Amino acid sequence: MFHGTRSKLLAAFTLMALLVAVVGVAGIVGLSHALLYAVTGCALATAVVLALIVSRSVTRPIAFLTAESRRLREAVLAGKLDERGDATHAGAEFAPVIEGLNETMDAFAKPIAVTAEYVARISKGDIPPKITDSYEGDFNRIKEALNRCIDSLAGLMDEMNRMSGEHERGDIDALVDLQKFEGVYRTMAQGVNDMVGAHIAVKKKAMGVFAEFGKGNFDATLEPLPGKKRFINDTIDQVRKNLKDLIAELNRMSGEHDAGDIDATIDTHRFHGAYRAMAEGVNKMVGGHIAVKKKAMACVAEFGRGNFKAPLEKFPGKKAFINETIEQVRDSLKALITDADGLVQAAVSGKLSTRADASKHQGDFRKIVDGVNKTLDAVMAPINEAAQVLEQFSQRDLRARVAGQYQGDHARIKESVNATGMALHDALAQVAQAVDQVSSASTQIAASSQAVASGASEQAASLAETTSSIESVSAMTKQTADSAQQANELAKAARTAATDGSSAVEQMQGAMGKIKASAEGTSQIIKDINDIAFQTNLLALNAAVEAARAGEAGRGFAVVAEEVRSLALRAKEAATKTEELIRQSVKEAGQGEVTAKQVAGKLGEIAGGVSKVSDIIAEIASGAQAQSTGIEQVTRAVTEMDKVTQQNAASAEESSSAASELSGQAEELASMVAAFQLHSQERTNPTVAPRKAPSLPPSTASVARSAPVRPSQRAGTTVPRGVRSEDAPAASARQASTRMAHPPKADDPFPMDEAKSLVDF
Amino acid sequence: MSELVPVVGEASVQPNVCSALAGRYMSFQLADEDYGLEILKVREIIGLLEITRIPRAPAFIRGVINLRGRVIPVVDLRVKFGMEATAATEQTVVIVLQVAFAGRALTMGVLVDRVLEVLNFEASAIEPPPDLGQASAGSDFILGVGKTAHRVVFLLDIAKILSGEEASQLAQAAAQQ
């Protein structure tokens with residue numbers, strides 16, 4: 001609140017006033033003396049304090065101010081124009097003093113600084129822009145002076161710039177306008193003009209020499225220039241030398257090129273810089289031209305190899321004439337090739353009347369095209385005529401012949417066509433005859449096919465019969481098998497019984513045997529007795545003989561002998577009787593034995609028979625099996641036969657229809673042949689057999705399965721043979737067909753022995 | 001025994017011959033045919049002994065037998081008569097005969113199938129041999145035909161059975177043995 005000195009002072013005075021007032025009041029009021037003293041004391045104190053405060057607040061700033069101003073003065077003297085007073089500690093009332101000082105200093109310092117700056121810049125050569133700030137009085141004079149200085153300098157610069165600019169633009173006569181300057185500036189400007197003029201003179205002289213160089217005169221010289229300008233002479237001489245060398249090199253190179261060494265180049269190492277560049281350029285140019293030539297020649301070489309697609313790079317500018325020329329050649333050749341190709345294509349694709357347009361070509365190309373055209377004409381003439389004749393042939397006029405006269409190979413086609421015509425003519429004549437024969441043959445075929453077809457249908461019918469017969473046989477076979485089984489069972493039982501009987505009989509036989517043995521023993525004894533009787537008989541006879549010999553004397557002996565004989569006879573008789581009895585008993589025993597044997601034998605036979613029966617039954621069973629198998633085979637065979645029959649029937653139908661077709665074809669053929677015009681000669685009209693549809697028997701396939709015609713006899717005759725072998729079907733078919741005319745007389749379906757059939761199976 | 005005295009009596013055509021033939025005959029059988037030989041010609045009857053065959057002997061000579069030390073040829077009458085030879089049976093006997101051939105006495109045996117009995121033929125029981133015309137040329141050895149009640153017996157003459165040649169052969173055969 002009390003910041004500013006003024007305020008402070010004010011406040012203090014106010015307070016003092018107050019205090020005074022207080023005192024006064026107090027006095028007025030009539031306060032006690034003590035209080036009044038107090039108040040006055042307080043007021044005094046306060047006033048003292050205030051006075052101190054106030055004085056402080058006044059003296060301090062003033063001291064500060066003084067110090068500051070002293071400092072600033074010394075700073076200025078020292079040249080530090082940037083120093084400024086610090087107003088902050090001066091208090092509010094004295095700050096303006098400092099500030100004023102500052103401002104004063106500013107007022108001086110700024111122009112001085114500006115001036116210093118400008119002068120400094122000018123001294124460095126950096127012409128600053130004119131001072132635009134406005135100044136008063138002396139400052140303004142400074143400003144004006146500075147500005148004038150600037151103007152002068154700037155003016156000089158401008159002039160010099162203008163001059164240099166004009167010189168740069170080409171006006172080398174431009175000079176600095178001396179009038180714009182004064183004093184040393186003018187001198188400077190003059191000096192510049194002079195110097196520039198001198199330099200220009202030298203340049204003109206040097207250029208004069210170069211001009212001579214430019215005209216081709218390398219002998220022009222330049223007066224020797226002094227001092228450092230001597231370099232101009234040196235340079236001109238250098239240039240002269242370089243140019244002369246270059247020209248010499250160029251001449252040498254061109255000479256060599258003329259002589260044929262197109263690889264000759266300028267030795268670029270002898271030159272430097274632009275001359276080297278020029279030499280290189282010349283080399284490059286020549287090389288370029290040669291390259292172009294080489295490319296063009298390469299293209300032409302490709303043309304020479306037949307490759308007309310070889311590209312040629314487009315040469316720029318006037319070198320394009322090379323392209324033009326090459327392209328012209330390419331086009332001509334291509335056109336020729338195109339035309340030739342076109343002719344080839346036309347010829348290959350059959351447009352033989354196509355010719356190329358020779359007018360599109362020139363010179364020898366035209367000749368070539370013309371020649372090709374003529375060739376084609378020459379070749380086509382006989383071909384065309386031949387084609388015409390062939391067309392006439394196609395119109396069935398075989399009398400046409402090629403009449404033109406041709407030479408060499410052209411005549412070949414003529415001869416060939418004519419020969420063809422004759423051959424065709426003759427051939428057709430023969431064909432006409434052949435057609436006849438074919439017609440009649442086809443009729444025959446039709447007839448036989450018909451026969452085959454009907455035969456096949458009958459065969460099919462009989463096959464059906466066979467099949468049904470086989471089926472019944474099969475059923476019976478089954479029955480047989482069953483019966484065989486039953487019989488087998490019975491046989492087994494019988495065998496068992498027989499075996500039992502056999503063993504009983506054996507026992508009986510044993511007893512018989514014993515009887516027989518004893519009988520035989522007895523018999524043996526009887527036999528002995530018989531022998532004795534026999535011998536006795538003999539003895540008796542001998543005795544009789546002796547008696548007879550003895551005559552009368554032997555009569556008694558004879559009687560004895562007779563008696564003995566009769567005894568013997570009796571013994572014999574007895575023995576015989578006994579023997580008879582024995583024999584009878586033996587016989588009976590024997591008979592018994594025999595009977596037993598017979599019985600045993602019979603039983604054995606029965607057993608054997610039963611075995612045999614079993615075997616036979618087994619055989620029957622296997623036979624039945626075989627029968628079944630056989631029947632199956634037969635069935636298969638019959639099926640096969642049926643198939644074959646059907647096939648036969650179909651084939652017969654086919655062949656029949658084929659025959660009728662053949663007939664028709666023969667007719668057509670005959671009419672076709674008749675369509676041909678032949679030279680008038682003896683030609684028998686082909687007698688085509690009338691086209692008749694052979695009457696086939698009703699579809700044989702269906703007949704095979706349905707109720708057959710004349711069934712039984714056929715089946716009977718074919719079955720037994722049929723079952724013998726697999727290939728019987730063919731045989732039986734043949735037999736069936738042969739038997740067609742002679743049906744057998746048997747009526748029953750199986751005119752064959754049952755046993756025989758079994759045996760057959 | 002009843003046959004010992006044959007009952008048959010029939011008038012013979014040639015009683016001379018037949019009466020000469022009357023007598024006792026030893027009858028034997030050959031293949032069911034009865035034959036008789038004069039009993040006086042018979043020496044003995046023996047059962048079958050082993051007959052030794054003679055090599056290269058004629059067929060009718062069956063062989064020889066050894067009768068008590070004597071070698072006697074045996075003739076197979078069957079073969080002689082043209083019948084086929086048979087094998088011997090237990091009835092087969094050899095009748096040993098004594099025959100006179102060309103003045104010589106020849107003992108021979110004949111092989112017969114069976115010996116029967118001694119038959120005593122009366123003249124009336126004997127018929128003369130059958131007349132076979134030309135065929136009877138070889139049958140003169142049949143003396144006659146004897147008849148018994150049931151059968152006919154050919155009475156043979158031994159001497160005529162064999163021819164002279166055969167007899168000599170027989171003798172030769174016997175001698176060799």
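Residues numbered from 1 in each chain as written. Chains lettered and ligands numbered in written order. Predicted model: local features only at pLDDT ≥ 70, side-chain atom pairs only at ≥ 80, totals over all residues.

Further remarks concern the overall build of chain B. Along chain B, the regular secondary structure elements total four helices and 11 strands. By residue count, 37% of the 177 residues in chain B fall in the buried class. (Helix = DSSP H or I, 4+ residues; strand = E, 2+ residues; numbered from the N terminus. Buried ≥ 20, exposed ≤ 12 C-beta atoms within 10 Å, placed from the backbone.)

Helix and strand content of chain A: 15 helices and zero strands. Put simply, chain A has 761 residues, and 22% of those count as buried. Counting contacts in chain A only where the partners sit at least 6 residues apart, residues at least 24 apart contribute 70% of the total. (Contact = placed C-beta atoms within 7 Å.)

So, about the sheet that holds strand S2 (residues 33-38) of chain B. All names here are of chain B. What the six strands build is an open sheet, ordered S8-S1-S2-S11-S10-S9; its pairing is mixed. For this open sheet the edge positions go to strand S8 (114-121) and strand S9 (126-127), each flanked by a neighbour on one side alone. The pairing of strand S10 (residues 142-147) with strand S11 (residues 152-156) spans five bridges and is classified as antiparallel. By the bridge assignment for S11, glycine 144 is matched with leucine 155. (Pairing = 2+ DSSP bridges.)

This brings us to the packing of helix H9 (residues 363-394) of chain A against helix H10 (residues 410-550) of chain A. When two helices pack together, their arrangement is given by the angle between their axes and by how far apart the axes lie. Residue and element names in this part refer to chain A. Where H9 meets H10, the closest approach of the two axes is 9 Å, and the angle between their N-to-C directions is 10°. By the angle between their axes, H9 is roughly parallel relative to H10. Residue-level contacts link Pro382, Ile383, Ala386, Val389, Leu390 and Phe393 of H9 to His410, Ile413, Lys414, Val417, Gly421 and Leu424 of H10. Within the contact of H9 with H10, the residues separate by chemical class into nine nonpolar, two polar and one charged. (Axes fitted to C-alpha atoms, helices over the stretch in contact; angles between N-to-C directions. Parallel < 35°, antiparallel > 145°, perpendicular 65-115°, else oblique. Nonpolar A, V, L, I, M, F, W, Y, C, P; charged D, E, K, R; others polar.)

Once that is clear, we can look at the interface of chain A and chain B. Taken together, the contact between chain A and chain B spans 10 residues of the former and 13 residues of the latter. Of all the secondary structure elements, the ones that give two or more residues to the side of chain A that touches chain B are H10 and helix H11 (555-675) of chain A. When residues of the side of chain A that touches chain B are assigned to their parent elements, the largest contribution, eight residues, is made by H10(A). The class makeup of the residues in the side of chain A that touches chain B is six nonpolar, three polar and one charged.

Now for helix H7 (residues 273-304) of chain A. Residues and elements named next belong to chain A. For H7, with 32 residues, the first-to-last C-alpha span of 44 Å sits near the 46 Å given by 1.5 Å per residue. The set of residues buried in H7 consists of Tyr275, Ala279 and Cys299. Buried residues along H7 sit against helix H6 (230-259) and helix H8 (320-349). Looking one or two places after H7, you find glycine 306, whose phi comes out positive at around 95°. (Expected span 1.5 Å × (residues − 1).)

All names here are of chain B. Where strand S1 (residues 23-30) meets S2, six bridges bridge the pair, whose relative direction is antiparallel. Opposite methionine 26, over in S2, you have leucine 37 as the bridge partner. Taking the residues between adjacent antiparallel strands as the criterion, S1 and S2 are bridged by two residues, where alanine 31 takes a positive phi near 50°. Pairing between S2 and S11: four bridges, direction parallel. Bridge assignment links tyrosine 35 to a residue of S11, and that residue is phenylalanine 154.

Moving on: the packing of H6(A) against H7(A). All names here are of chain A. Taken N-terminus to C-terminus, the directions of H6 and H7 make an angle of 15°; their axes are 11 Å apart at the nearest point. Looking at the two axes, H6 sits roughly parallel to H7. Crossing angle aside, the handedness with which H6 passes H7 is right-handed. Residues Asn242, Leu246, Glu249 and Leu250 of H6 pack against Tyr275, Met278, Ala279 and Val282 of H7. Partitioned by chemical class, the residues of the contact of H6 with H7 number six nonpolar, one polar and one charged. (Left-handed = near helix turned anticlockwise from the far one by under 90°.)

The next thing to look at is the confidence of the model for chain B. Residues and elements named next belong to chain B. The share of residues in chain B with pLDDT of 70 or more is 78%, and the mean pLDDT across the chain is 76. The low-confidence segment residues 5-13 (pLDDT under 50) makes 24 contacts with residues lying over four places distant or belonging to another chain. The ipTM for the predicted assembly is 0.79, set against a pTM of 0.31. (pLDDT = per-residue confidence, 0-100.)

This brings us to the nonpolar core. Ala544(A), Met26(B) and Ile95(B) are the most contacted members of the largest nonpolar core, which has 78 residues in total. Top contributing element to this core by residue count: H11(A), with 18 residues. Leave out the neighbours within four places in its chain, and Ala544(A) touches Ala558(A), Ala561(A), Glu562(A) and Val118(B). With 16 residues, the next largest nonpolar core counts Ala464(A), Ile631(A), Val634(A) and Met641(A) among its residues. (Core = buried A, V, L, I, M, F, W, Y, C linked by C-beta atoms within 7 Å.)

Quick look at the pairing of strand S7 (residues 104-112) of chain B now. Successive side chains on a regular strand alternate, one facing one side of the sheet and the next facing the other. All names here are of chain B. Across three bridges, the pairing between strand S5 (residues 70-76) and S7 is parallel. Within S7, the position partnered with aspartate 76 by the bridge is leucine 111. As defined by bridge partners, strand S6 (residues 93-101) adjoins S7 across nine bridges and the pair is classed as antiparallel. In the sheet register, alanine 100 faces S7, and the bridge partner there is alanine 105. Hairpin connection from S6 to S7: two residues lie between these consecutive antiparallel strands, with alanine 102 at a positive phi of about 50°.

What follows deals with helix H4 (residues 137-169) of chain A. All names here are of chain A. A rise of 1.5 Å per residue sets the reference length of H4, with its 33 residues, at 48 Å; its end C-alpha atoms lie 46 Å apart and thus fit the reference within 8%. Of all the positions in H4, only Lys143, Leu156, Glu159 and Met163 are classed as buried. On its buried face, H4 sits against helix H5 (183-215). Count one or two residues on from H4 and you reach glycine 170, which has phi positive near 120°.

Another point: unusual backbone geometry. Phi at Arg396(A) takes a positive value of approximately 75°, unusual for a residue other than glycine. Secondary-structure assignment places Arg396(A) in the loop between H9 and H10. The exposure class of Arg396(A) is partly exposed, given the 14 C-beta atoms found within 10 Å. Phi is positive for Ala31(B), which is not a glycine, with a value near 50°. One can find Ala31(B) in the loop between S1 and S2. Given 13 C-beta atoms within a 10 Å radius, Ala31(B) is considered partly exposed.

Here the focus is the sheet that holds S7(B). Reading across from one edge, S3-S6-S7-S5-S4 (chain B) is the order of the five strands in this open sheet, with mixed pairing throughout. The open sheet is flanked by strand S3 (42-47) and strand S4 (61-67) of chain B, the only strands paired with a single partner. Averaged over all adjacent pairs, the angle separating strand axes in this sheet is 35°, with direction ignored. Where H10(A) meets the sheet, it contacts S3 and S6 of chain B, and its direction lies at approximately 175° from that of S3(B).

Inspection of the secondary structure assignment puts Lys612(A) in helix H11. Here Lys612(A) falls in the partly exposed class, since 13 other C-beta atoms lie within 10 Å of it.

Turning to the environment of Pro224(A), a few remarks are in order. Mapped onto the elements, Pro224(A) comes out in the loop between H5 and H6. Expressed as a C-alpha distance, the spacing of Pro224(A) and Asp234(A), which sit 10 residues apart in the sequence, is 9.2 Å.

Attention shifts here to the confidence of the model for chain A. All names here are of chain A. Confidence in the prediction for chain A averages 79 pLDDT; 88% of positions are at 70 or higher. Overall, residues 682-746 carries pLDDT values under 50, and its contacts beyond four positions in sequence, including any with other chains, amount to 131 contacts. In the model, residues 751-761 has pLDDT below 50 throughout and makes 11 contacts with residues more than four positions away in sequence or in other chains.

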